[in-house]
Amino acid sequence: MKTWMKAAGVRAIKTVAQALVAAIGSAAVLESVDWRVALSTAVLAGVLSLLTSIAGLPELNGADAPSVYEADAVASMVTDQPTIDADMAAEKENGGAA
């Protein structure tokens, strides 16, 4: 989890910087930059980057990373509901018919 947090954090910081540069660059001159809009855009981009990272970070190759499937497995333990993986396995056993 620590490796994932570091990778997701680095990715989010890069995204924030890119969004801020884009927002600043869209102004004709530096004095005309609406800093509240530029900063809120950058922060939102960082939050969205972190949320997107939950789906998985390719640079980690699945190691030490929370994922949608892991969350699904935890939810199934709590609610006793079948997981996506269990549904896919059952479908595979039935020759593609659910």
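Just above sits the structure.
Residues numbered from 1 in each chain as written. Predicted model: local features only at pLDDT ≥ 70, side-chain atom pairs only at ≥ 80, totals over all residues. Heavy atoms only, no water.

Student: Which parts of the structure should I look at to understand the side chain of Ser49?
Tutor: With respect to the element layout, Ser49 can be found in helix α2 (residues 35-53). If we skip the residues at most four places from it in the chain, Ser49 touches Arg11, Ala12 and Thr15. (Helix = DSSP H or I, 4+ residues; strand = E, 2+ residues; numbered from the N terminus. Contact = heavy atoms within 4.5 Å.)

Student: Hey, could you run me through a nonpolar patch on the surface in this one?
Tutor: A cluster of nonpolar residues, Val43, Leu44, Val47, Leu48, Leu51 and Ile54, forms a patch on the protein surface that exposes about 530 Å² of accessible area. Mapped onto the elements of the fold, Leu51 is located in helix α2. (Patch = residues over 30% accessible without salt bridge, like charges linked within 9 Å, V, L, I, M, F, W, Y side chains within 5 Å. Areas by Shrake-Rupley, 256 points an atom, 1.4 Å probe, with all protein chains shown as cover. Salt bridge = Lys/Arg side-chain N within 4 Å of Asp/Glu carboxyl O.)

Student: I tried to follow α2 on my own but got confused; where do I start?
Tutor: Residue pairs spaced three or four apart in an α-helix point in one direction, given the helix's 3.6 residues per turn. Between its first and last C-alpha atoms α2 spans 27 Å; for 19 residues at 1.5 Å apiece the expected length is 27 Å, and the two agree. Listed as buried for α2 are Ala38, Ala42, Ala45, Gly46, Ser49 and Ser53. Looking down the long axis of α2, one finds its buried residues gathered within 100 degrees of arc, a one-sided arrangement. Counted as exposed and oriented over 90 degrees from the buried face of α2: Arg36, Val43 and Leu51. Elements that come into contact with the buried residues of α2 comprise α1 (2-25). (Expected span 1.5 Å × (residues − 1). Buried < 20%, exposed > 50% of the residue type's maximum accessible area, 1.4 Å probe, protein only. Arc of directions from axis to C-beta.)

Student: Explanation requested: the packing of α1 against α2 in the structure shown.
Tutor: Two packed helices can be described by the angle between their axes and the distance between those axes. Running from N to C, α1 and α2 point in directions that differ by 150 degrees, and their axes come no closer than 8 Å. Classed by the angle they form, the pair α1 and α2 counts as roughly antiparallel. Crossing handedness for the pair α1 and α2: right-handed. Here Trp4, Ala8, Gly9, Arg11, Ala12, Thr15, Val16, Ala19, Leu20, Ala23 and Ile24 of α1 come into contact with α2, specifically with Trp35, Ala38, Leu39, Thr41, Ala42, Ala45, Gly46, Ser49, Leu50 and Ser53. (Axes fitted to C-alpha atoms, helices over the stretch in contact; angles between N-to-C directions. Parallel < 35°, antiparallel > 145°, perpendicular 65-115°, else oblique. Left-handed = near helix turned anticlockwise from the far one by under 90°.)

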